[in-house]
Amino acid sequence: MMSIDSTLSILQEHQLLVVVLEPEPGFAFKHALTWEAAYQSLLMSKRQEIHRQVAECYEALFEGRLEEFAAHLAWHYSAAGDAAMTVNYATMAGEAALRRSAHQEALASYEQALESTRSGAADNQQLTRIFIGRGRALELAAQHEAAMRNYEEMARLGNERQDPALKLSALLAQATLYSVPSTVYRPEAGLALAQEASYLARELGDHRAESHALWILSLLEGFSGSGERSIEYGETSLALARQYDYRDQAAFTLNNLSTSYMSAGDLENAGRSLEEAAALWRELGNLPMLTDTLTNFSIYYFALGDTERSLKSAEEAQQISLSIGNLWGQAYGRFILSHALGELGEWGQALRKAEECLELANQAGFVPPQCIVRAQMASIYADQGAIEHALGLANAAREVAQRLYPKWQAYAAAVVARVQLAAGEVDRAAVTINEAVASLKPGDPLAAVTEVSIRLIEALISIACRDYARVGSACDSLKRFRDGGARSYLADEMLMRGLAASAMKDLDTARRYLEAAQAEAQSNMSRRILWRILLALADLEVDAGRPLEAEAIRQQAAEHVGFIADHIQDDERRRSFLSQDLVRQALNPQSSR
């Protein structure tokens, strides 16, 4: 009888087999048809026996590396007709692929596992792992509708099997997906499911599920405008997660609490929550959620007025999102990058990042950027003097908010008002800003961006309407952000107060506010607003009879205007920016008001 080595040598000599080195040294058929013919010549029982022997050989040789070979083992056990072992290894392969962000590979493994359960080869705990894993892979692949169908199938199976634990897991998964701003965002349905899950979790004594349900309720309350209830639910969820050491749930809850704290103007607690969440995600190796937390960190730093750290955090989030193919994370990161670059006066890059954000958000089924990023772009185009384009974007943002995301209707309307003001339509702008303020509700998770912007636009339009008392009240309404440590908007607020004081001929007060505005803008590196502040200070010097000082200050303004113009990448937009009256005043230090 010939040895295995002799047989292999003969097959190599006849060029039927070739040596391979990857993924492990071994042999392979040179042609697929040869393999197919040899394979089909074997009796079914013999094939199954060989597949089982190969699988058992893998298990013996790679005992400490089974996850690495889980997909191979699942295939061999499936071919061997062993459904239970197929379920075990296919599930293991799906979970390993998810950790590598190989979403399609994960889906294929979960489908194989699920198919093998049809014969009853899986218990309810395994079914939960399979359905939850498949759903998560679908979500990360931006297939949100398919993910919801997956969870609905899981819920039906839980009812059929009369298994409350399986049903509870399905309820939580459905509620979570309904609660995030994707293409299946349905907060009312999410709230009902989360409440049902919370009741069932307490009934079963399932503390992990109860913590999860409370986190969903916190998420929903935050998006609906009830910041206090959002924080209350979140802190209760976090207490349970810490009590029973549910580290992954603690990280989810902390990430959401950070936005609730920012909405309430409590940046101190927001920062602490983000620090702990980021550390947990790194420890757990959950890169998609780490990118989400890093982007929230970017918003936090932006609110603090630390533009440099905001950009650094957003860029780290972008690098990780790109490395794992996370479209949602790429879109979210570009949202804040666009905003921060706009503050720096790098408007060409800001608009490019915004356009990339919209494209990625569309691919990922990520709804909010379709509103908020269009509104941000409209603001930049308005500052460039491209009024028609700005108005089109602002109206598009408002339509998206009305149709898909009512929470941001007030913000979108305020940006429309800002563009109307830039077009010289003061009366229309006044009507629109009144509509925006009337529909403003507290609790927006991005209030440090949206609510602040609404109030500052209200103040700007009030100056145009010569309603200086309203300028003060609009600025006063931002007190909770100021008390909580937010600084990103202070340059704008001080400018509004300074312009109002100057218009009322209270020049000492105006100077105090404008000098404070200048200091804030310089600290934040905000060229967007700094050149306007400098022009207002130059006007004060003219009123004080100091023309040389006024000219020197206007020269500083001209330098910032020049930087901004150099960073507008479209020639037509650059010309429209440079043709604006206020810009021409900055570029001609000899001009007067």
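Everything that follows concerns the structure shown earlier in this document.
Everything in this summary refers to the structure shown in the same document.

Basis of the calculations
Residues numbered from 1 in each chain as written. Predicted model: local features only at pLDDT ≥ 70, side-chain atom pairs only at ≥ 80, totals over all residues. Heavy atoms only, no water. Helix = DSSP H or I, 4+ residues; strand = E, 2+ residues; numbered from the N terminus. Buried < 20%, exposed > 50% of the residue type's maximum accessible area, 1.4 Å probe, protein only. Contact = heavy atoms within 4.5 Å. Areas by Shrake-Rupley, 256 points an atom, 1.4 Å probe, with all protein chains shown as cover. Lys, Arg positive; Asp, Glu negative; His and termini not counted. Charge placed at Lys NZ, Arg CZ, Asp CG, Glu CD. Salt bridge = Lys/Arg side-chain N within 4 Å of Asp/Glu carboxyl O. Phe/Tyr/Trp six-rings, centres within 6.5 Å; stacked < 30°, edge-to-face > 60°. Lys NZ or Arg CZ within 6 Å of the ring centre and 35° of its normal. Core = buried A, V, L, I, M, F, W, Y, C linked by side-chain atoms within 4.5 Å. Patch = residues over 30% accessible without salt bridge, like charges linked within 9 Å, V, L, I, M, F, W, Y side chains within 5 Å. Expected span 1.5 Å × (residues − 1). Axes fitted to C-alpha atoms, helices over the stretch in contact; angles between N-to-C directions. Parallel < 35°, antiparallel > 145°, perpendicular 65-115°, else oblique. Left-handed = near helix turned anticlockwise from the far one by under 90°. Arc of directions from axis to C-beta.

Attention now goes to the overall build of the chain. Counting its secondary structure elements, the chain contains 31 helices and two strands. Reported as C-alpha extents along the three principal axes, the dimensions of the chain are approximately 110 × 60 × 35 Å. Buried residues in the chain amount to 54% of all 593 residues. In the chain, 58% of the contacts between residues at least 6 apart in sequence involve partners at least 24 apart. When the accessible area of the chain is evaluated, it comes to approximately 26,400 Å², of which 51% is carbon and sulfur surface. Side-chain charges of the chain comprise 56 positive and 78 negative groups, with the mean position of each set lying 4 Å from the other.

This next bit is on the pattern of salt bridges. Between side chains of opposite charge, pairing is possible as soon as their charged atoms come close. Counting across every chain of the model gives 40 salt bridges. Notably, a salt bridge pairs Glu153 with Arg134, separated by 3.1 Å at the nearest N-O pair. Remark: Arg134 occurs in helix 7 (residues 124-140) and Glu153 occurs in helix 8 (residues 144-160); sequence separation between them is 19 residues. Between Glu425 and Arg428 there is a salt bridge; the shortest N-O distance is 3.0 Å. Judged by its relative accessible area of 30%, Glu425 is partly exposed. By relative accessible area, Arg428 is classed as partly exposed at 48%. Members of the salt-bridge network, linked through shared partners, are Glu111, Glu115, Arg118, Arg134 and Glu153.

What follows concerns the packing of aromatic side chains. Tallying each qualifying case throughout the model produces 15 aromatic pairs. Centre to centre, the rings of Trp215 and Phe252 are 5.1 Å apart; their planes meet at 45°, and the pair counts as tilted. Of this pair, Trp215 sits in helix 11 (residues 207-224) while Phe252 sits in helix 13 (residues 247-263), and the two are 37 residues apart along the sequence. On the basis of relative accessible area, Trp215 is assigned to the buried category, the value being 8%. An aromatic cluster of three or more residues is present, and its members are Trp328, Tyr332, Phe335 and Phe366. The ring of Tyr513 is capped by Arg512, whose NZ or CZ atom sits 5.6 Å from the centre of that ring.

Trp531 and Phe577 are the most contacted members of the largest nonpolar core, which totals 130 residues. Look past the residues within four positions of Trp531 in its chain and what remains in contact with it is Ala557, His560, Val561, Ile564, Phe577, Leu582, Val583 and Ala586. Tyr77, Ala93, Leu98 and Ala155 belong to the second largest nonpolar core, which has 56 residues in total.

This brings us to a nonpolar patch on the surface. A cluster of nonpolar residues, Val19, Leu21 and Phe27, forms a patch on the protein surface that exposes about 310 Å² of accessible area. Mapped onto the elements, Leu21 comes out in the loop between strand 1 (17-20) and strand 2 (26-29). When its relative accessible area of 62% is taken as the criterion, Leu21 is described as exposed.

So, on to the environment of Glu355. Considering the arrangement of structural elements, one finds Glu355 in helix 18 (residues 347-364). Between the C-alpha atom of Glu355 and that of Arg584, which follows or precedes it by 229 residues, the distance is 29 Å. In this view, Glu355 contacts Met377 and Tyr381; residues no more than four positions away in its chain are not counted.

Turning to helix 10 (residues 187-204), a few remarks are in order. For helix 10, with 18 residues, the first-to-last C-alpha span of 25 Å sits near the 26 Å given by 1.5 Å per residue. Taken as a whole, helix 10 has its buried residues at Ala189, Gly190, Leu193, Ala194, Ala197, Ser198, Leu200 and Ala201. On its buried side, helix 10 packs onto helix 9 (164-179) and helix 11. Of the residues one or two after helix 10, Gly205 is the one with positive phi, at around 70°.

Turning next to the environment of Glu235. Tracing the chain through its elements places Glu235 in helix 12 (residues 227-243). A relative accessible area of 40% means that Glu235 is categorised as partly exposed. Setting aside its immediate chain neighbours within four residues, Glu235 contacts Leu257 and Tyr261.

With that settled, consider unusual backbone geometry. Within the chain, Ser101 stands out as a residue other than glycine whose phi angle is a positive 65°. Among the structural elements, Ser101 can be located in the loop between helix 5 (83-99) and helix 6 (103-116). On the basis of relative accessibility, which here comes to 12%, the residue Ser101 falls in the buried class. In this structure, Met525 is a non-glycine residue whose phi angle is positive, near 60°. As for its position among the elements, Met525 is in the loop between helix 27 (507-524) and helix 28 (527-543). Here Met525 falls in the partly exposed class, since its relative accessible area comes to 38%.

What follows is about the packing of helix 19 (residues 369-384) against helix 20 (residues 387-404). Close contact between helix 19 and helix 20 brings their axes to 8 Å; oriented N to C, the two are set at 160°. In terms of axis orientation, helix 19 runs roughly antiparallel to helix 20. Helix 20 is crossed by helix 19, and the crossing has left-handed handedness. Mapping the contact onto sequence places Gln370, Cys371, Arg374, Ala375, Met377, Ala378, Tyr381 and Ala382 in helix 19 and Ile387, His389, Ala390, Leu393, Ala394, Ala396, Ala397, Val400 and Ala401 in helix 20.

Let us now look at helix 30 (residues 571-578). The periodicity of an α-helix, 3.6 residues per turn, causes residues three or four positions apart to be oriented the same way. Burial in helix 30 covers these residues: Arg573, Ser576 and Phe577. All buried residues of helix 30 project into a common sector of 100° when viewed along the axis, lining one side. In helix 30, the exposed positions angled more than 90 degrees off the buried face are occupied by Glu572 and Arg575. The secondary structure elements touched by the buried residues of helix 30 are helix 18, helix 19, helix 20, helix 28, helix 29 (547-566) and helix 31 (581-587).

Take the side chain of Glu458 next. By the secondary structure assignment, Glu458 is in helix 23 (residues 450-464). If we skip the residues at most four places from it in the chain, Glu458 touches Ile433, Val437, Arg470 and Ala474.

Another point: the environment of Leu327. Examined against the element boundaries, Leu327 turns out to sit in helix 17 (residues 327-344). For Leu327, a relative accessible area of 25% translates into the label partly exposed. Residue contacts for Leu327: discarding those within four places in its chain leaves Leu360, Gln363 and Ala364.

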